[in-house]
Amino acid sequence: MGDINVYSGPMKCGKTEQILNEYKRQLIAGKNVKMFKPSIDTRAGRDVVVSRNGIDIPAIVINNMQDLENYDADVYCIDEFQFLNGDVKTIEKMADKGKKFFIAGLNLTAEKKPFGKMADLLCISDNVNMLTAICDNCKCENAVFTYYKGGKDTDIVIGDKEYLALCRNCYDLLYKKEIESAKK
Ligand SMILES: [Zn+2]
């Protein structure tokens, strides 16, 4: 049976590691597994998905969810789903036909807005795993937001040096501070 499994949360919550782990498990199970990523993600080389602990796996670069239909596999792993265009109906249709999905993506932009098609994806998923990161400010274990240090009103771009994973308290504190300093 097909199903859709999603790992989401802020930056640095380990969601890519989760799908890399599934990729390996499914390979061991003898499945035809393929890794995909959107063309906008240029953080690593264009054709690999690299986790923070340095494991890399070959990836097929796609622009649109529809492109998935051009590749035959039992199991589809997708990283950085928030940058992918298209309609999640494609994924639902493929799952109905028995395909398995393991997908990682940021749920929210740095302005706490639903990121790309992530909200649509979460609604049609069989399993949703919301992960937390260690807060870059207070070091608690409940960072659920991604914060852009530049305070610019934009979606999260490639590369993560400019971003912090923050808990609710710290996001609020930094956000207020940012508004205060903008007033001066
Ligand atoms: Zn914090």
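Right above here is the structure, for reference.
Caption draft 1: Structural detail: helix α2 (residues 89-96). Burial in α2 covers these residues: T90, I91, M94 and A95. All buried residues of α2 project into a common sector of 130 degrees when viewed along the axis, lining one side. Turned more than 90 degrees away from the buried face of α2 sit K89 and D96, all of them exposed. A positive phi of about 105 degrees marks G98, the residue just after α2.

Caption draft 2: Examining the nonpolar core more closely. Counting 26 residues, the largest nonpolar core has M35, C77 and L166 as the members making the most contacts within it. At the level of elements, α1 (15-28), β2 (33-38), β6 (75-78), β7 (100-106), β9 (145-148), β10 (163-166) and α4 (168-183) are the ones that each hand at least two residues to this core. Residues contacting C77, with those up to four places away along its chain left out, are I19, Y23, V33, K34, M35, F36 and F102. Core analysis: the next-biggest nonpolar cluster, separate from the first, contains 19 residues, I4, Y76, L84 and V88 among them.

Caption draft 3: Examining the sheet that holds strand β5 (residues 60-62) more closely. One open sheet holds the 6 strands; their spatial order is β5-β2-β6-β7-β1-β8, and the pairing between them is parallel. The open sheet has two free edges, formed respectively by β5 and β8 (127-130), since each of these has just one partner strand. Strand-to-strand twist across the sheet, computed as the mean angle between neighbouring axes with direction ignored, equals 20 degrees. Sheet analysis places β6 next to β7, joined by 4 bridges and oriented parallel. Its bridge partner lying in β7, Y76 is registered against F101.

Caption draft 4: The arrangement of the environment of V88 in detail. Within the fold, V88 resides in the loop between β6 and α2. Spatially, the C-alpha atoms of V88 and L121 are 6.1 Å apart, while their sequence positions differ by 33 residues. Those residues in contact with V88 that lie beyond four places of it in its chain are M65, F81, K117, D120, L121 and I124.

Caption draft 5: Highlighting the coordination of the zinc ion. Distances from the zinc ion to its protein donors, C135 (SG), C138 (SG), C167 (SG) and C170 (SG), fall at 2.3 to 2.4 Å. Around the zinc ion sit 4 donor atoms, and with donor-metal-donor angles ranging over 100 to 117 degrees the site reads as tetrahedral. Here the donor residues for the zinc ion map to a single chain with the spacing C-x2-C-x28-C-x2-C. Of this pair, C135 sits in the loop between β8 and β9 while C167 sits in the loop between β10 and α4, and the two are 32 residues apart along the sequence. Residue C135 is classed as buried on the basis of its relative accessible area of 1%.

Caption draft 6: Geometry of the pattern of salt bridges. Throughout the structure, instances matching the rule amount to 6 salt bridges. Put simply, D3 and K100 hold a salt bridge, and the shortest N to O gap is 3.1 Å. Taken together, the residues D3 in strand β1 (residues 3-9) and K100 in strand β7 connect sequence positions 97 residues apart. You can call D3 buried: its relative accessible area is 15%. Close ionic contact of E22 with R25 constitutes a salt bridge, the shortest N to O distance being 3.4 Å. Residue E22 and its partner R25 are both found in helix α1; the two are separated by 3 residues, about one turn of the helix.

Definitions and limits used
- Residues numbered from 1 in each chain as written.
- Predicted model: local features only at pLDDT ≥ 70, side-chain atom pairs only at ≥ 80, totals over all residues.
- Heavy atoms only, no water.
- Buried < 20%, exposed > 50% of the residue type's maximum accessible area, 1.4 Å probe, protein only.
- Helix = DSSP H or I, 4+ residues; strand = E, 2+ residues; numbered from the N terminus.
- Arc of directions from axis to C-beta.
- Core = buried A, V, L, I, M, F, W, Y, C linked by side-chain atoms within 4.5 Å.
- Contact = heavy atoms within 4.5 Å.
- Pairing = 2+ DSSP bridges.
- Axes fitted to C-alpha atoms, helices over the stretch in contact; angles between N-to-C directions.
- Donors = N, O, S within 2.8 Å, 3.2 Å for Na, K, Ca; no water.
- Tetrahedral: all angles 85-135°; square planar, octahedral: opposite > 155°, others 65-115°.
- Salt bridge = Lys/Arg side-chain N within 4 Å of Asp/Glu carboxyl O.

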